[in-house]
Structures are given as C-alpha cells and as structure tokens.
Amino acid sequence: MSQIDFSAIAFFIFSLLALGGGFGVVTNRNLFRGTIWLMVSLFGVAGLFVLLSAPFLAAVQVLVYIGAIAILFTFAVMLTRSLTHLTARYNRLWPTAIGAALLFAMLIVGVIWPVFGANEAFAVPASDVVRNTTDLGLALVSGEGYVLPFEVASLLLTAAMIGAIVIARDVDEEEIGE
Amino acid sequence: MDCTGLCEVIAQSGLDVGLAQFLSLLLAVVAVSGVPLVTVIFLIWVERKIAARIQDRIGPNRVGPFGLVQTFADLLKLLVKEDITPTAADRLLYNVAPLISFASVALIWAIVPYTPYHFGADLEIGALYFVAVASLGTLAIMTAGWASNNKYALLGAFRVVALLVSYEIPLVFALMVPVLLAGSMSMLDIVYAQGGMWFVFMSPLAMLLFFISSQAETGRAPFDLIEAESELVAGFNIEYSGMKFGMFFAAEFLHVFTNGVLIAVLFMGGWFFPGWQEPLIAFFWLGVKASLVYFVSLWIRNTVPRFRIDQVMKFNWFFLVPISIVNVLVLSFLVMVLKEIGLVPLDEAGNMALQTGTFVEMLPMTIVLLLSNVLICIPIINRLRRSGNESRAELEARAASRAVAGATGD
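Please read all numbers here as calculations on a predicted model, not as lab measurements. (Residues numbered from 1 in each chain as written. Chains lettered and ligands numbered in written order. Predicted model: local features only at pLDDT ≥ 70, side-chain atom pairs only at ≥ 80, totals over all residues. Heavy atoms only, no water.)

Enquirer: Would you explain the overall build of chain B in this entry?
Expert: Counting its secondary structure elements, chain B contains 15 helices and 0 strands. Here the C-alpha radius of gyration of chain B, 24 Å, is about what a compact globule of 410 residues would show, namely 22 Å. If one aligns the C-alpha atoms of chain B with their principal axes, the spans along those axes are about 85 × 60 × 40 Å. Within chain B, residue pairs in contact and separated by at least 24 positions form 73% of the contacts whose partners lie at least 6 positions apart. Working note: accessible area of chain B is about 19,400 Å², and carbon and sulfur atoms make up 69% of it. (Helix = DSSP H or I, 4+ residues; strand = E, 2+ residues; numbered from the N terminus. Rg over C-alpha atoms; globule rule 2.2 N^0.38 Å. Contact = heavy atoms within 4.5 Å. Areas by Shrake-Rupley, 256 points an atom, 1.4 Å probe, with all protein chains shown as cover.)

Enquirer: What is the right way to read the confidence of the model for chain B from this model?
Expert: Detailed reading of predicted coordinates is not advised where the pLDDT is low. For chain B, mean pLDDT is 82; residues scoring 70 or higher make up 94% of the total. Mean pLDDT values over the elements of chain B span from 68, in helix α11 (residues 229-232) of chain B, up to 89, in helix α10 (residues 204-217) of chain B. (pLDDT = per-residue confidence, 0-100.)

Enquirer: What is the right way to read the interface of chain B and chain A from this model?
Expert: Reports often express the size of an interface as the amount of accessible area lost when the parts come together. Contacts between chain B and chain A engage 31 residues on the former and 30 residues on the latter. Buried area between chain B and chain A, both sides added, is near 2,800 Å², and the carbon and sulfur share of it is 76%. Connecting chain B to chain A are 0 salt bridges. Broken down by secondary-structure element, the contributors of at least two residues to the side of chain B that touches chain A are α2 (17-54), α4 (91-106), α5 (126-134), α6 (136-147) and α7 (151-182) of chain B. Among the residues forming the side of chain B that touches chain A, the class breakdown is 21 nonpolar, 6 polar and 4 charged. (Buried area = accessible area lost by both parts, 1.4 Å probe. Salt bridge = Lys/Arg side-chain N within 4 Å of Asp/Glu carboxyl O. Nonpolar A, V, L, I, M, F, W, Y, C, P; charged D, E, K, R; others polar.)

Enquirer: Would you take a moment to explain the packing of aromatic side chains for this structure?
Expert: What characterises a pair of aromatic rings is the spacing of the ring centres plus the angle enclosed by the ring planes. Residue and element names in this part refer to chain B. Within the structure shown, the criterion is met by 14 aromatic pairs over all chains. Taking the centre distance of 5.0 Å and the plane angle of 40° together, the rings of F245 and F249 count as tilted. Of this pair, F245 and F249 both sit in helix α12 (residues 242-266), separated by 4 residues, roughly a single helical turn. Among the aromatic side chains, those forming a connected cluster through ring pairs are Y94, Y240 and F248. (Phe/Tyr/Trp six-rings, centres within 6.5 Å; stacked < 30°, edge-to-face > 60°.)

Enquirer: I keep staring at the confidence of the model for chain A and nothing clicks. Help me out?
Expert: Summarising the model, chain A shows a mean pLDDT of 79, and 79% of its residues fall at 70 or more. When pLDDT is averaged over each helix and strand of chain A, the minimum, 53, is found for helix α7 (residues 173-177) of chain A and the maximum, 91, for helix α6 (residues 147-168) of chain A.

Enquirer: Looking at this structure, I do not really get the domain arrangement of chain A. What am I missing?
Expert: Each assigned domain of chain A is listed here: domain 1 (1-84) and domain 2 (131-169). Between the C-alpha centres of domain 1 of chain A and domain 2 of chain A the distance comes to 25 Å. (Domains from an automatic or database assignment.)

Enquirer: In this structure, what is going on with a nonpolar patch on the surface? I would like to understand it.
Expert: On the surface, a cluster of nonpolar side chains totalling about 650 Å² of accessible area is made up of F104, L107, I108, V111, I112 and F116 of chain A. Note that I112 of chain A resides in helix α4 (residues 94-112). (Patch = residues over 30% accessible without salt bridge, like charges linked within 9 Å, V, L, I, M, F, W, Y side chains within 5 Å.)

Enquirer: Hey, could you run me through the nonpolar core in this one?
Expert: Across soluble globular proteins, you tend to see nonpolar side chains buried next to one another. Residues and elements named next belong to chain B. By size, the foremost hydrophobic cluster in this structure holds 126 residues, and its most contacted members are F130, L181, F210 and L354. In terms of residue count, the dominant contributor to this core is α7 (14 residues). Beyond its immediate chain neighbours, meaning those up to four positions away, F210 contacts F130, L171, A174, L175, L262, I263, L266 and F267. (Core = buried A, V, L, I, M, F, W, Y, C linked by side-chain atoms within 4.5 Å. Buried < 20%, exposed > 50% of the residue type's maximum accessible area, 1.4 Å probe, protein only.)

Enquirer: Got a minute to help me understand the domain arrangement of chain B in this structure?
Expert: Residue and element names in this part refer to chain B. You can read the domains of chain B as domain 1 (1-80) and domain 2 (82-401). Relative to domain 2, the C-alpha centre of domain 1 lies at a distance of 23 Å. Contact residues are listed per partner, giving 18 residues for domain 1 and 21 residues for domain 2. Between domain 1 and domain 2 lies a buried interface of about 1,700 Å² when both sides are counted; carbon and sulfur atoms form 79% of it. Of all residues in domain 1, L43, E47 and L78 bury the most surface against domain 2, accounting for 32% of the area lost on that side. In this assembly, domain 1 and domain 2 are joined by 1 salt bridge.

Following this line, the structure appears as structure tokens:
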C-alpha cells in the first residue's frame with residue numbers, strides 16, 4: 001500500500017470537492033454561495049463516477065445537476081435577492097441535528113469497520129466489469145432490459161411537465177395568444 | 001493503468017510509479033489546454049482584421065508586420081490596468097467567474113481529435129462531455145452577473161439563462177445526428193465514420209442547426225443580447241476590468257473557433273480530405289475546415305444586427321426546436337429503413353458501420369438522407385417567406401397610418 005496510485009490521488013481530490021462542497025452548502029448563510037458550493041459538491045461526485053468507470057453517469061451528472069438544476073436554483077435565488085444575505089438563523093432543531101449526526105456516524109463506522117486496514121480481499125478494483133454506453137442504451141430499450149420502467153418514467157416526467165405548464169399558465173387565455 | 005511513454009521517463013528518475021502516472025497525465029493536460037491558449041492570441045488578431053475589412057477599415061496595422069503583435073500589446077495593457085473589485089461585490093465569486101468562463105471553453109479541447117494520433121482523450125462519451133462542459137459557461141456568466149452586485153450585470157445574467165439554456169436544445173438535437181450516424185459518441189469514431197462521406201452531405205440541416213445554436217451559445221451577434229451595449233451598457237461584464245475582463249473575451253473568441261473545430265469534426269470529416277491521409281497534413285485540413293466555419297461566423301457577427309430578446313426566444317422555440325426534432329426523427333427512421341433494404345454499409349454483426357464504407361457504398365444512403373433534408377426544408381422556407389411577408393406588410397401598414405396621422409396633424 002506504500003505506492004501512491006494515480007486513482008488514489010484523483011479519489012482524494014474528488015472526495016475533497018464532494019465533502020467540502022457539501023460542508024459549504026450547509027454552513028453558508030448566503031444562498032447564492034450555497035448553490036455554488038452545491039455545484040462544487042456535485043462536480044466532485046461526477047469525478048467519483050469517472051473513477052468508478054461510469055463516464056456516462058459522470059457526464060449526465062454535470063449536465064443535468066450542474067448545467068440544469070443548479071442553474072435553476074441560482075436563477076430562483078437571484079430573483080429573490082432579499083433572501084441572499086440571511087443573517088438570522090431560523091433553524092433551532094439542535095436535538096434533531098445531534099441525533100442525525102449520531103446516526104450518520106454509526107452508519108459510517110458500520111461501513112468502514114469491516115474493511116478497515118490493509119485487506120487483500122478488497123485490493124481488487126471497484127468494478128471489474130466495464131460496461132460501455134452501448135450496453136446502457138441497450139439495457140434501456142431492449143425487451144429483456146428495463147424498457148418498461150424506462151417508459152413509465154418518461155410518461156411520469158411528461159405528466160409532470162404538462163402539470164408544470166398548467167400551473168404556470170396565465171389565466172387570461174387571450175393574453176397568451178398575442 | 002500501464003506506465004508507458006512520458007510516464008516511463010518520469011519514473012526512471014526514481015519517482016513512485018503512481019506519482020509518475022499522475023505527473024505525466026498532468027503534463028498532458030497542460031499540453032492540451034496550451035493549444036487553445038496559444039490559439040486565442042492569434043484569433044483575436046484575425047477577428048479584428050476581418051471585422052475591420054467588413055466595415056471597410058484596415059484594422060490593427062501598427063504593431064509588428066500587419067499588426068500581428070497588436071494582441072500582445074493589448075494583453076500587456078490589460079495586465080497592467082488597475083484590477084478593480086467593487087466594494088459591494090462578492091469577492092470570491094467575482095474573481096472565480098472569469099476562470100470558470102475560460103475553463104468551460106478550454107475543457108472542450110480535451111476531446112478534439114487533431115489527427116488520428118493526436119488528441120487529448122478519446123472519451124466514449126465525447127459528445128455528451130462537450131454538452132456537459134459547455135453548460136458550465138452559463139454558470140460562469142450567471143456568477144459574474146450576480147457577484148458584481150450591479151443591476152445591469154444582473155439583467156445580462158438573466159438573459160443568459162433564457163438564451164443559453166434554450167439554445168442548448170437544438171444544439172443537442174443537432175449533435176444527435178452525427179452520433180446517430182456514427183453509432184458512437186466518441187469524437188474519434190465520429191471522424192472515422194466520415195472516411196467515405198462527410199455528414200454534412202447527409203444532413204446539411206443538422207449542421208446548419210448546430211451552427212446557429214452554437215453561435216447563440218457563444219453569445220455573439222446576432223444573439224449578443226447578454227452584453228447588449230446599447231441596452232445594458234455592457235451586460236454581465238460591466239464591473240470587470242483588466243485581465244479579468246480580458247478573460248471573458250478570450251473565452252468568447254476561443255469559443256467561436258472551438259465551435260468551428262467541432263463543426264469540422266462532427267460534420268465535415270475532421271482530418272479527412274479526399275486523397276490525403278498523412279497525419280501532419282491531416283491536422284492542416286482540420287484547421288482549414290475550422291477556419292472556414294470560423295470565417296462565416298465572423299461574417300454573420302459583423303453584418304447581422306442584434307435580435308430583440310422576444311425574437312430570439314421565438315426563433316428558438318417556434319423554429320429551431322421543432323425543426324431539430326423533426327430532423328432527428330426523420331433521419332433515424334430513414335436510417336432504419338435503409339438498413340432493412342441493405343443500402344447501408346454493415347459489419348459482421350449486422351450493425352451499421354460507416355467507418356468501413358467507401359464513397360461509392362455511402363452514395364445511395366447519402367442521396368436518400370439529403371433528399372429527406374431538402375423535403376423538410378421546402379415547407380420551412382415557404383413558412384419563412386410567408387411570415388416575412390406578413391411582418392413586412394404589418395410594418396408598412398403601420399408606417400402608412402403614421403404618415404396619414406402626421407399629415408392630418410394629429
């Protein structure tokens with residue numbers, strides 16, 4: 001284990017981004033900065049996906065979460081400018097926070113304890129099977145794959161989109177026509 | 001990961017193999033990102049010269065031969081200018097935004113295949129990577145607009161979201177065409193698939209859509225309303241000075257050329273040119289094709305006036321998006337039909353394999369796809385003509401009524 005692996009360095013950088021970004025999100029009083037930290041965190045997760053040989057997921061992570069969802073967050077935050085400089089703290093659920101932290105710590109210990117230390121059994125790469133994008137595409141649309149859940153999900157998303165249009169739609173029909 | 005080439009050389013000096021791998025990769029990244037950094041200095045000169053010629057001026061001609069060193073003088077000026085950060089600005093984000101802006105463009109160059117042997121990375125998800133990285137540019141401009149704490153900058157940033165996010169849709173749909181034809185998202189595979197026939201002859205409409213939406217993505221005229229000088233003073237970059245201001249513009253100049261390179265790779269066969277396969281000359285062909293697209297882009301920028309925001313949105317949602325969707329649907333249907341008939345070069349497994357096809361083998365397929373594109377275009381052109389006539393008639397009627405009102409003294 002004395003050898004510094006290239007992927008180990010990359011893993012360290014990406015986990016630092018993911019965890020540091022997450023820390024920034026929860027500690028920052030400024031909402032806009034919070035969303036930027038969120039993007040940093042999501043970017044770190046995308047890097048971890050690359051290390052797990054899932055480049056497709058990594059690209060989708062950047063495209064959907066950073067390029068679309070987080071951008072929408074910032075847009076909403078910018079429109080509500082008075083909210084961006086919060087000074088008061090509204091959240092006072094200390095016991096709940098401590099409880100959650102304890103549970104999380106237990107979870108971490110439970111996961112790490114069995115694999116801690118130099119362990120030959122875990123020295124193999126995280127994923128031996130390298131699946132490419134063609135496999136993913138086939139899994140989504142082939143009959144033996146996940147075509148039914150895929151179609152159900154797209155139907156749900158379409159319904160959600162139509163719902164959003166109906167909610168956002170102006171009541172005055174004639175105004176839209178113009 | 002094996003340790004060869006540069007990594008081996010570094011490892012010989014006694015360094016740890018893992019660290020040598022990391023260092024060699026880091027050096028490769030520096031090399032790849034160095035290409036666009038050097039290119040942009042020259043591009044600024046080209047841009048100014050062409051703009052000057054179009055406007056019947058001479059352009060930079062004092063510093064060095066043909067004014068070639070002018071950009072260095074500008075660079076020096078930008079570097080020694082006072083670097084201002086407004087007191088009310090968000091210091092960190094304000095300074096980070098220009099960096100993200102340039103990085104979002106420079107990162108695209110990682111997947112550009114210059115020759116069959118020279119490229120940053122042959123990602124399996126190349127096309128998707130391009131879309132993902134390009135979306136970071138939106139983030140940069142929004143951050144700049146917000147962090148400046150200036151109303152004009154914020155307004156400019158609002159427009160960016162409207163513009164860039166909506167033009168991403170036709171961009172991605174146009175990008176789907178080469179991906180679909182090549183059967184791969186890797187840029188290298190896409191170029192190899194064009195060995196027999198360039199994709200521009202199969203789907204010129206897709207290339208046109210890609211060109212228009214990428215022109216919008218760069219935020220240049222006629223889509224330059226994010227920095228509309230006459231309405232927003234300068235838009236998102238109003239508070240920036242010195243080199244930070246320069247970086248936004250370096251990113252913009254580079255983005256235009258990057259789009260040229262991408263169009264050359266995706267639609268114009270990359271390094272392929274009839275009768276030439278040698279790597280060095282291949283690099284030259286890619287440059288020629290990219291410059292051609294780049295020139296058209298500059299030409300449009302300097303001759304077409306700016307659109308209004310509602311016109312830009314209408315143009316996208318009622319024109320580009322429907323066409324791009326129809327184009328992809330028709331194309332994928334036709335490719336399926338052609339495959340059934342057997343007019344498409346196939347590999348042993350029965351999948352479409354354009355990289356094995358020669359010019360003659362690809363010809364029937366190209367003719368069918370080209371015809372479908374022409375058929376899609378006919379109603380579009382008719383519709384354009386009609387709406388153009390209508391708006392002209394409306395304007396003339398308004399002008400006439402105003403003239404009447406003026407004559408009667410109302």
